Amino acid sequence: MRIARFSVGDDVGYGLIDTDEDGGQEYVSRISGHPLMGQIQLTGERAKIEDVRLLSPVLPSKVVCIGKNYADHVAEMSDITGESTEEPVVFLKPSTAVTGPGDPVFYPPISHRVDFEGELAVVISRPCREVPRERAKEVVFGYTVANDVTARDLQKSDKQWTRGKGFDSFCPIGPWIETGLTIEEAADLRVTTTVDGEVRQDGRTSQFIHDIPAVISYVSSFMTLLPGDVLLTGTPAGVGPVEVGAEMTVAVERIGDLTNRVITRD
């Protein structure tokens, strides 16, 4: 099941994505209720996907990110982030960094290098803490696509990652939440990033240093996770800079594509 958050004019709601078997047309079927807070029900309203605006499918209280989770990415970034560590590297993005599919990513005037980082994202289903890895699947609502946009020069100069990762619009998420994947299936998905149609990143989640159950167990060992919180699982090798006007597309196999364009703020 694919659950989207969308707007039509000023009206915001949730819906299920379905595809017409004959023509391949995608639709959004509106649901009542909140998908993370109880029962949902189809309302009977249905619209073509191009007639609505897809939003970030979730509004998390926090975005918890895992750094240095692909060995090849650790190698390419060793001058900035150092070598790999035995435990996962954890940092946060503020909720104000979250934006949706098709929304602009704003190039900060104080930065001279902004990078893309395509990632698989995990959406948490319920409040949880100290989750054993063997029970991690019980707290996963679904999966979506994310771009951990980074002001690389600020990350390097600051010696920590909050400012370089935390600008408004620096966490595109979408286009929807895929709830139909098991945690085992999510363990081997292709993750690609293209910039203006050119492939820049191409990896698989099977290359994780710390797998999804390990990440959930580790993060929840010191932090309560809430419904709708998002875990970014790390990015494969190939990260690099984008210029104003560039179009970034992150694609995760069996989930979807997330496209955002880099612009300057007026």
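Residues numbered from 1 in each chain as written. Predicted model: local features only at pLDDT ≥ 70, side-chain atom pairs only at ≥ 80, totals over all residues. Heavy atoms only, no water.

**Student:** Help me out: how do you make sense of helix H5 (residues 212–220) in this one?
**Tutor:** Side chains three or four residues apart in an α-helix point the same way, a direct result of the helix having 3.6 residues per turn. Residues of H5 that are buried: Ile212, Pro213, Val215, Ile216, Val219 and Ser220. Down the axis of H5, the smallest arc covering the buried residues is 165 degrees, so these residues share one side. For H5, the secondary structure elements touched by its buried residues are strand E6 (63–67), strand E7 (89–93), strand E11 (118–124), strand E12 (140–147) and strand E17 (230–232). A distance of 2.9 Å separates the backbone nitrogen of Ala214 from a side-chain oxygen at the start of H5, and that oxygen is part of Asp211. (Buried < 20%, exposed > 50% of the residue type's maximum accessible area, 1.4 Å probe, protein only. Helix = DSSP H or I, 4+ residues; strand = E, 2+ residues; numbered from the N terminus. Arc of directions from axis to C-beta. Contact = heavy atoms within 4.5 Å. Polar contact = N/O pair within 3.5 Å; in protein donor to acceptor, adjacent residues only side chain to side chain.)

**Student:** Looking at this structure, I do not really get the sheet that holds strand E18 (residues 240–242). What am I missing?
**Tutor:** Pairing in this open sheet of three strands is antiparallel, and the strands run E13-E10-E18 from one edge to the other. Edge positions in the sheet fall to strand E13 (150–151) and E18, since each has one partner strand and no second. Here two bridges tie strand E10 (residues 114–116) to E13, and the two strands are oriented antiparallel to one another. Its bridge partner lying in E13, Val114 is registered against Ala151. (Pairing = 2+ DSSP bridges.)

**Student:** Just checking my understanding: could you explain the nonpolar core for this structure?
**Tutor:** If you look at soluble globular proteins, the nonpolar side chains tend to sit buried side by side. Among the nonpolar cores identified, the biggest contains 30 residues, and Tyr143, Ile212, Ile216, Val219, Leu225, Leu231 and Ile255 are the most heavily contacted of them. Those elements that provide at least two residues to this core are E6, E11, E12, H5 and strand E19 (247–252). Not counting chain neighbours up to four residues away, the residues in contact with Val219 comprise Val64, Ile66, Val90, Leu225 and Leu231. (Core = buried A, V, L, I, M, F, W, Y, C linked by side-chain atoms within 4.5 Å.)

**Student:** Explain the environment of Pro241 here, please?
**Tutor:** Structurally, Pro241 can be placed in strand E18. When the C-alpha positions of Pro241 and Thr264 are compared, they lie 15 Å apart, and in sequence the two are 23 residues distant. Setting aside its immediate chain neighbours within four residues, Pro241 contacts Arg113, Val114, Asp115, Phe116 and Arg200.

**Student:** I would appreciate a short explanation of the packing of aromatic side chains in the present structure.
**Tutor:** Here the distance between the centres and the angle between the planes together describe a pair of aromatic rings. Per the stated rule, a full pass over the model turns up four aromatic pairs. For the ring pair Phe91 and Trp161, a centre distance of 5.0 Å and an interplane angle of 70 degrees mean the geometry is edge-to-face. A residue pair is termed long-range when its members are at least 10 positions apart, and Phe91 in strand E7 and Trp161 in the loop between helix H3 (152–158) and helix H4 (162–165) qualify at 70 residues. A relative accessible area of 15% means that Trp161 is categorised as buried. With a centroid separation of 5.7 Å and an interplanar angle of 75 degrees, the aromatic rings of Tyr218 and Phe222 are classed as edge-to-face. A relative accessible area of 23% means that Tyr218 is categorised as partly exposed. For Phe222, a relative accessible area of 41% puts it in the partly exposed group. (Phe/Tyr/Trp six-rings, centres within 6.5 Å; stacked < 30°, edge-to-face > 60°.)

**Student:** Quick question: what am I supposed to make of the UniProt feature "domain: Rv2993c-like N-terminal" (unreviewed entry) in the protein here?
**Tutor:** What UniProt calls "domain: Rv2993c-like N-terminal" (unreviewed entry) maps, in this numbering, to residues 1–57. The straight-line gap between the two end C-alpha atoms of residues 1–57 is 13 Å; of that span, 0% is helix and 60% is strand. (UniProt positions renumbered as here; feature names shortened; annotations may be inferred.)

**Student:** Any chance you could explain unusual backbone geometry here in plain terms?
**Tutor:** Both trends apply: most residues other than glycine have a negative phi, and most peptide bonds are in trans. Looking along the chain, the bond that leaves Gly174 and enters Pro175 is cis, with omega of 0 degrees. Considering the arrangement of structural elements, one finds Pro175 in strand E14 (residues 171–178). A positive phi angle is found at Ser169, which is not glycine, with a value near 80 degrees. Following the sequence through the fold, Ser169 ends up in the loop between H4 and E14.

**Student:** Could you clarify how one ought to interpret the side chain of Lys165 in this entry?
**Tutor:** Looking at where Lys165 falls in the secondary structure, it is placed in helix H4. A relative accessible area of 2% means that Lys165 is categorised as buried. Excluding residues that lie within four positions of it along the chain, Lys165 makes contacts with Phe91, Lys93, Glu117, Asp148, Val149, Thr150, Arg152, Gln155 and Phe170.

**Student:** Mind showing me how you'd approach the environment of Ala214 here?
**Tutor:** The topology assignment puts Ala214 in helix H5. Classification of Ala214 as partly exposed rests on a relative accessible area of 21%. Between the alpha carbons of Ala214 and Glu134 there is a distance of 9.1 Å; along the sequence they are 80 residues apart.

**Student:** Help me understand the pairing of E14 in this model?
**Tutor:** Two faces belong to every sheet, and in a regular strand the side chains alternate between them. Burial analysis of E14 places eight of its eight residues in the buried class, which makes it a mostly covered element. One ladder, built from two bridges, connects strand E1 (residues 2–8) with E14; its direction is antiparallel. Across the sheet, residue Arg2 finds its bridge partner in E14, namely Glu178. Two strands pair when backbone bridges link them, and strand E8 (residues 98–99) and E14 are joined in this way by two bridges, in the parallel orientation.

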